[in-house]
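# Report on the structure
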Amino acid sequence: MEQPINWYPGHMAKARRMLEDNLRLIDVVCELVDARAPEASRNPDFDALFQNKTRVLLMNKSDLADPATNKRWIAYYKQKGVEAAEIVSTGANARAQTVRLIERASAEQVKKLEEKGVKKTVRVLVAGIPNVGKSTLINRVAGEKRAQTGDKPGVTKGKQWVKITPHLELLDSPGLLWPKLGDDTLAEHLAFLGSINDEILDLETLAGRLLQTLRILAPDALFARYKKLTADTPDGALLEAVARSRGFIVKGGEIDAERAARIVLDEYRAGKIAKVSLEQPPKEEDHAEAQ
Ligand SMILES: Nc1nc2c(ncn2[C@@H]2O[C@H](COP(=O)(O)OP(=O)(O)O)[C@@H](O)[C@H]2O)c(=O)[nH]1
Ligand SMILES: [Mg+2]
């Protein structure tokens, strides 16, 4: 896939500075990744940036990924010493589950201070690349309390701590990081997920590549969704098959490839084609089962 050259937006640099400025105030970092592509959506700077923080890796949008693959990823991360869990930010349990994970992750830290007579307030940052569900999760966890807390000194102007429990506070703005674009396959996964702006990539090429990928990963679901697309459709004619399946034909009998491309990307991103995980944990770790 051709690499977008200058997509990196200025607000990312600003967000990065915000993050570095506030870092010393933060005890726990909730790293959000997209469960369908946890590696591509994991920022390479996390490890260095958050090396002294308690971290929880939240595999969000797990409702759109393959459930068995989610479990294998969690087992894989556990083996590497990373506390990971699958969540659904848009779901009913998001708040309770996230609070439980944070409390568990910070329990030791809190206990140590308690022994010294200090009642620790744990401060939490939700961080991740664009589109992984940070704002959705913050809104769920902070709820209606968001608007009620005031600014506190030492925090970048406009940023607020929201009290979640008596001893848990959440920063109401996400730590925004840019994705890693060094590897073509990972960059393509991010483009499939919509984390890289569509305008900077050729939509029809992207949708064609997604169809090729889905035909390998979830052929039956793909054929069921787009009836004129089959195992025999040449790679170069996949988008056309989608257009014909949906009757996207314009004047003169030409197919509307752009409309077909948008439909494919929209439907995949919304989980309407299948629960497809684009990435699998490395094979060596396969024997480890999630508990
Ligand atoms: N299906 C599903 N959609 C989600 C989930 N979390 C977020 N979304 C959707 O993903 C899109 C991006 O979410 P947003 O919170 O704006 O991402 P942010 O850029 O990281 O702040 C929105 O349309 C959300 O509704 C989830 O767990 N499952
Ligand atoms: Mg957001």
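Presented here is an overview of the structure given in this document. (Residues numbered from 1 in each chain as written. Chains lettered and ligands numbered in written order. Predicted model: local features only at pLDDT ≥ 70, side-chain atom pairs only at ≥ 80, totals over all residues. Heavy atoms only, no water.)

### As for the nonpolar core
Counting 62 residues, the largest nonpolar core has Leu211 and Tyr268 as its most contacted members. Inspection of this core shows a minimum of three residues originating in each of domain 1 (10–176) and domain 2 (202–269). With near-sequence residues (within four places) excluded, Tyr268 lies in contact with Arg36, Phe192, Leu193, Leu210, Leu214, Ile273, Val276 and Leu278. Counting residues in each nonpolar core, the second largest holds 13 residues, with Leu19, Leu23, Leu125 and Leu171 among its members. (Core = buried A, V, L, I, M, F, W, Y, C linked by side-chain atoms within 4.5 Å. Buried < 20%, exposed > 50% of the residue type's maximum accessible area, 1.4 Å probe, protein only. Domains from an automatic or database assignment. Contact = heavy atoms within 4.5 Å.)

### Some words on the environment of Leu265
Mapped onto the fold, Leu265 is located in helix H10 (residues 257–269). Using a relative accessible area of 1% as the deciding quantity, one classes Leu265 as buried. Counting along the chain gives 73 residues from Leu265 to Phe192, while the straight-line C-alpha distance between them is 6.8 Å. In this structure Leu265 touches Leu203, Leu206, Ala207 and Leu210, once residues within four positions along its chain are discounted. (Helix = DSSP H or I, 4+ residues; strand = E, 2+ residues; numbered from the N terminus.)

### A look at H10
For H10, spanning 13 residues, the distance from its first C-alpha to its last is 18 Å, which sits close to the expected 18 Å at 1.5 Å a residue. Considering only its buried residues, H10 is in contact with helix H6 (184–193), helix H7 (203–217), helix H8 (219–225) and helix H9 (238–246). (Expected span 1.5 Å × (residues − 1).)

### Some points on the site of ligand 1
Lining the immediate environment of ligand 1, one finds 14 residues, of which Asp63, Asn131, Lys134, Ser135 and Thr136 sit closest. In this structure, a nitrogen atom belonging to ligand 1 sits 3.3 Å away from a side-chain N or O atom of Thr90. At 2.7 Å from an oxygen atom of ligand 1 is found a side-chain nitrogen or oxygen belonging to Lys134. Protein contact buries 69% of the 580 Å² of open area that ligand 1 shows by itself. Broken down by element, the residue count for the shell around ligand 1 peaks at three residues, all from helix H5 (residues 134–142). (Near = heavy atom within 4 Å. Polar contact = N/O pair within 3.5 Å; in protein donor to acceptor, adjacent residues only side chain to side chain. Areas by Shrake-Rupley, 256 points an atom, 1.4 Å probe, with all protein chains shown as cover.)

### Some details on H7
Over its 15 residues, H7 runs 21 Å from end to end, which matches the ideal 21 Å to within 8%, given 1.5 Å per residue. The complete set of buried residues in H7 reads Leu203, Leu206, Ala207, Gly208, Leu210, Leu211, Thr213, Leu214 and Arg215. Check the buried side of H7 and you find it contacts H6, H8, H9 and H10.

### So, the pairing of strand S5 (residues 161–165)
Among the five residues in S5, four count as buried, and that is most of the element. Here four bridges tie S5 to strand S6 (residues 168–171), and the two strands are oriented antiparallel to one another. Bridging from a neighbouring strand, Lys163 pairs with Glu169 of S6. Joining the antiparallel neighbours S5 and S6 is a turn of two residues. (Pairing = 2+ DSSP bridges.)

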